[in-house]
Amino acid sequence: MLNFTLRRLLWLIPTILAMALVTFLVMHATPGSPLDPVAEGANPLSPDAQKNLAAAYGLDKPLWEQFAIFVGKALRGDFGQSFVYKTRTVSEILWDAFPVSLLLGSMALVLAVAGGVTLGVLAAVYQNHSWDYVSVTVATLGVSVPNFVLAVFLIVLFSFVLPIFPTGGWGEPTDWVLPTVTLALGPMGIIARFTRSSMVEVIRSDYIRTARAKGLAESPIILKHVLKNACIPVVTLLGPLFAAVGTGSFFVESIFRVPGMGRFFVLSMTGRDYPMIMAVVLLYGVFLTLMNLAVDLVYGFIDPRIRY
Amino acid sequence: MALSTPASGTSLDTADLVAAAPSAAATTSLWRDAWRRLRRNKLAVVGGVTVVLLCLVAVFANVLAPQSYTKANFGNIYEFPNREFPLGTDQLGRDVLSRMIYGARVSMLVGLGSQVIVLLIGVPLGALAGFVGGRTDILMTRFIDVMYAFPRLLFVILVMSMLGAGLLNIFVALGLTGWVGIARQTRAQVLTLKEKEFVEGARALGARSWRVLTRHVLPSALTPIVVSITFGIPEAIFTEAALSFIGVGINPPTPSWGQMVGENQQFLRSYWYLCVFPSIAIAVTMLSFTFFGDGVRDALDPKMK
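Residues numbered from 1 in each chain as written. Chains lettered and ligands numbered in written order. Predicted model: local features only at pLDDT ≥ 70, side-chain atom pairs only at ≥ 80, totals over all residues.

Engineer: Looking at this model, I keep getting lost on the overall build of chain B. Mind explaining?
Structural biologist: Helices and strands together make up the secondary structure of chain B, namely 13 helices and zero strands. Across chain B, helices and strands are ordered from the amino to the carboxyl terminus as α-α-α-α-α-α-α-α-α-α-α-α-α. The buried share of chain B, reckoned over its 305 residues, is 46%. (Helix = DSSP H or I, 4+ residues; strand = E, 2+ residues; numbered from the N terminus. Buried ≥ 20, exposed ≤ 12 C-beta atoms within 10 Å, placed from the backbone.)

Engineer: How should the overall build of chain A be read in this particular structure?
Structural biologist: Within chain A, the secondary structure is distributed over twelve helices and zero strands. Each principal axis of the C-alpha distribution contributes one length, and for chain A these read about 85 × 55 × 30 Å. Classification of the 308 residues of chain A by burial places 36% in the buried group. Expressed as a percentage of contacts within chain A between residues at least 6 apart in sequence, the contacts between residues at least 24 apart total 73%. (Contact = placed C-beta atoms within 7 Å.)

Engineer: What exactly am I supposed to notice about the nonpolar core here?
Structural biologist: Soluble globular proteins tend to pack their nonpolar side chains together in the buried interior. One finds A:Ala151, A:Ile191, A:Val280 and B:Ile157 to be the most contacted residues of the largest nonpolar core, which totals 135 residues. Beyond its immediate sequence surroundings of up to four residues, B:Ile157 is in contact with A:Val266, A:Met269, B:Leu243, B:Ile246 and B:Val248. Of all hydrophobic cores here, the second largest spans 18 residues; its members include B:Val118, B:Val123, B:Phe131 and B:Ile144. (Core = buried A, V, L, I, M, F, W, Y, C linked by C-beta atoms within 7 Å.)

Engineer: What should I look at first to understand the confidence of the model for chain B in this one?
Structural biologist: In regions of low pLDDT, the predicted coordinates are not meant to be interpreted in detail. Residue and element names in this part refer to chain B. Looking at chain B, pLDDT values average 80 and 89% of them are 70 or higher. Mean pLDDT across the elements of chain B bottoms out in helix H1 (residues 14–19) (43) and peaks in helix H3 (residues 42–59) (90). Contacts for the low-pLDDT stretch residues 1–25, under 50 throughout, to residues beyond four places or in other chains number 35 contacts. What the predictor reports for the complex is a pTM of 0.81 with an ipTM of 0.79. (pLDDT = per-residue confidence, 0-100.)

Engineer: Would you explain helix H10 (residues 209–220) of chain B in this entry?
Structural biologist: For an α-helix the count is 3.6 residues per turn, leaving residues at separations of three or four pointing the same way. All names here are of chain B. For H10, which comprises twelve residues, the first-to-last C-alpha distance of 15 Å matches the rise-based estimate of 16 Å (1.5 Å per residue) to within 8%. Turning to H10, its buried residues are Val212, Leu213, His216, Val217 and Ser220. Along H10, the residues classed as buried sweep out an arc of 130 degrees about the axis, all on the same side. In H10, those exposed residues whose orientation departs by more than 90 degrees from the buried face are Trp210, Thr214 and Arg215. (Expected span 1.5 Å × (residues − 1). Arc of directions from axis to C-beta.)

Engineer: Mind showing me how you'd approach the interface of chain A and chain B here?
Structural biologist: By a widespread convention, an interface's size corresponds to the accessible area lost as its parts come together. Taken together, the contact pairs 29 residues of chain A with 32 residues of chain B. Sorting elements by how many residues they give to the side of chain A that touches chain B places helix H6 (residues 147–161) of chain A first, with seven residues.

Engineer: What should I look at first to understand the packing of helix H8 (residues 206–213) of chain A against helix H9 (residues 218–246) of chain A in this one?
Structural biologist: Relative placement of two packed helices is described by the angle separating their axes and the distance separating the axes. Residues and elements named next belong to chain A. Their axes nearest at 11 Å, the elements H8 and H9 cross at an angle of 150 degrees. The pairing of H8 with H9 is recorded here as roughly antiparallel in orientation. For the element pair H8 and H9, the recorded crossing hand is right-handed. Between H8, through Ile208, Ala211 and Arg212, and H9, the contact on the second element is made entirely by Ile221, His225 and Val226. For the contact of H8 with H9, the residue count by class is four nonpolar, one polar and one charged. (Axes fitted to C-alpha atoms, helices over the stretch in contact; angles between N-to-C directions. Parallel < 35°, antiparallel > 145°, perpendicular 65-115°, else oblique. Left-handed = near helix turned anticlockwise from the far one by under 90°. Nonpolar A, V, L, I, M, F, W, Y, C, P; charged D, E, K, R; others polar.)

Engineer: Would you mind going over helix H11 (residues 222–246) of chain B with me for this structure?
Structural biologist: Residues and elements named next belong to chain B. For H11, spanning 25 residues, the distance from its first C-alpha to its last is 36 Å, which sits close to the expected 36 Å at 1.5 Å a residue. Counting buried positions along H11 gives 19 out of 25 residues, so the element sits mostly inside the fold. Trailing H11 by a residue or two, Gly247 shows a phi angle of about 110 degrees, which is positive.

Engineer: Help me understand the packing of helix H4 (residues 90–125) of chain A against helix H7 (residues 173–203) of chain A, please; the structure alone is not making it clear to me.
Structural biologist: Viewed as axis vectors pointing N to C, H4(A) and H7(A) meet at an angle of 35 degrees, and their least axial separation amounts to 5 Å. Crossing angle aside, the handedness with which H4(A) passes H7(A) is right-handed.

Engineer: What should I look at first to understand unusual backbone geometry in this one?
Structural biologist: Peptide bonds are mostly trans, and most non-glycine residues show a negative phi. Here B:Pro252 and B:Pro253 are connected by a cis peptide whose omega angle stands at 10 degrees. One can find B:Pro253 in the loop between H11 and helix H12 (257–264). For A:Arg257, which is not a glycine, the phi torsion comes out positive at approximately 50 degrees.

Engineer: Please clarify how the environment of B:Gly232 should be interpreted in this entry.
Structural biologist: All names here are of chain B. Mapped onto the secondary structure, Gly232 falls in helix H11. With 25 C-beta atoms packed within 10 Å, Gly232 lands in the buried category. Sequence separation between Gly232 and Lys42 is 190 residues, and the spatial gap between their C-alpha atoms is 22 Å. Not counting residues up to four positions away in its chain, the partners in contact with Gly232 are Gln115, Val118 and Gly178.

Engineer: Which parts of the structure should I look at to understand the confidence of the model for chain A?
Structural biologist: Scored by pLDDT, chain A has a mean of 84; 96% of the residues are at 70 or more. H4(A) holds the highest mean pLDDT among the elements of chain A, 91, whereas helix H2 (residues 47–57) of chain A holds the lowest, 80.

Engineer: Explanation requested: the environment of A:Leu283 in the structure shown.
Structural biologist: All names here are of chain A. Following the sequence through the fold, Leu283 ends up in helix H12 (residues 274–302). Leu283 gets classed as partly exposed once you count the C-beta atoms within 10 Å, which come to 19. Taking the C-alpha atoms as reference points, Leu283 and Ala55, separated by 228 residues in sequence, lie 27 Å from one another. If we skip the residues at most four places from it in the chain, Leu283 touches Leu94 and Thr247.

Take a look at the structure:
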């Protein structure tokens, strides 16, 4: 077990390095540079100024050297100065924004698990009856409709038609409701679909038939015997899902004006903010790998058939 | 849906199912069976009909649109839906209905076109890796794994913001990122299929590798490829909408639903109709494709339900 954990943690190093390298290469391989004028058609900087800026940010060095410098500094937690927010370091910006996204994402994940498992169980128990259709429709809605579209519908419904929740902001707990729900619907749909198909499979298994034959009532069969085993594949989903919602969504955060880190995923790329791009992609990568590791460890506890 | 599974048992894999019936007549009956099952699935039929309607709207956009989608008319900006403009007008006085009809064109083009590219890249690479095996396979699989680790949308945004907005670049970005899934699936299919008896039989009869691959292995690997294409279409449409929402997708003045939502979401309180109608269009399109895709999957792989 300890051996397994250590080995997996060691694997993190090459994985993260590969991610950093690919991002770095894509960033530099494509035409254009951060020294280009910000607005379209604006006057370019003079060649001298460009040269000075390139030297100041280390962009004049050969690529492999730039990458080596980046890795060296990143190891010490220094991701450099943002090219866009010139007065702040990348670490400072993310230190402020990440906790906000993490809070929003955690709330959304809790809601998604609670709602998704409930919908999945209802759908599996009432297979091919109205509850199944309701659940499948809600799940499909969550999975397929982009969250910026869901956000528009939720704002219209719960801010305009029924003025219960504010349209945006991040102060009061009432501000949290709509972004949380919007963010949760996608993962909820995925969890519901997974729970349903996994439940359906378990319900048909022999040991459930045995439980029924012994005369057990339906609800303990479903809640104790089926759900316990049906949950195992669902747990695998939680790692990537938490990584996705926990690092913030550009769409949800920009529509509801949440000061999280979701927007930096997009703004850093459209603004060619090299240090910021590297930082957010790596943060996501590390988060995802750690979550997957956590899921694998939890897996061992809930499914005793698995040995490390 | 309580569909009858093949008599030989429920644990049959699609691959076995196809492999067990490699002759031309039997393959036709697999598709005919699937078609019959698909027609019985109400949600899938509704989805399919909507998809066909959307395609028609996209093809005949120039006939259907009551007004031009580019012509600004400053005499009637921000008109609420009325008789002349059923869905209102935007900040330049352009007819929202006409712009939405042309928006269908972008969505359908991206959805279907991107999948053609994905097929052309993903299937040959996946088939090659699976069929040739050895070092080629190891190299390809490693590469696919690294590509898989990237958050998909993030990678597309990165490519788009580097290449610049535009329909052609959307195809490039979607093609670059989208082939991975299908390549992986084709490889897995080819890997299992090439060990089957009917492939061995074809080889024994003296068929060359190319013929074995194209005539025997690939046709049998078709079902998962078809399923992954039906899900790839809405994913591509979603990606285009998201890119255009951010502002790195379709270049204005060409309208796209995502772009209309993105441009107008800050005016939601004052001019709700600018956002709500394109949002409905996106939602309906995505739901239709997903229901249809689910139906296709269940029809081709009856043990799933």
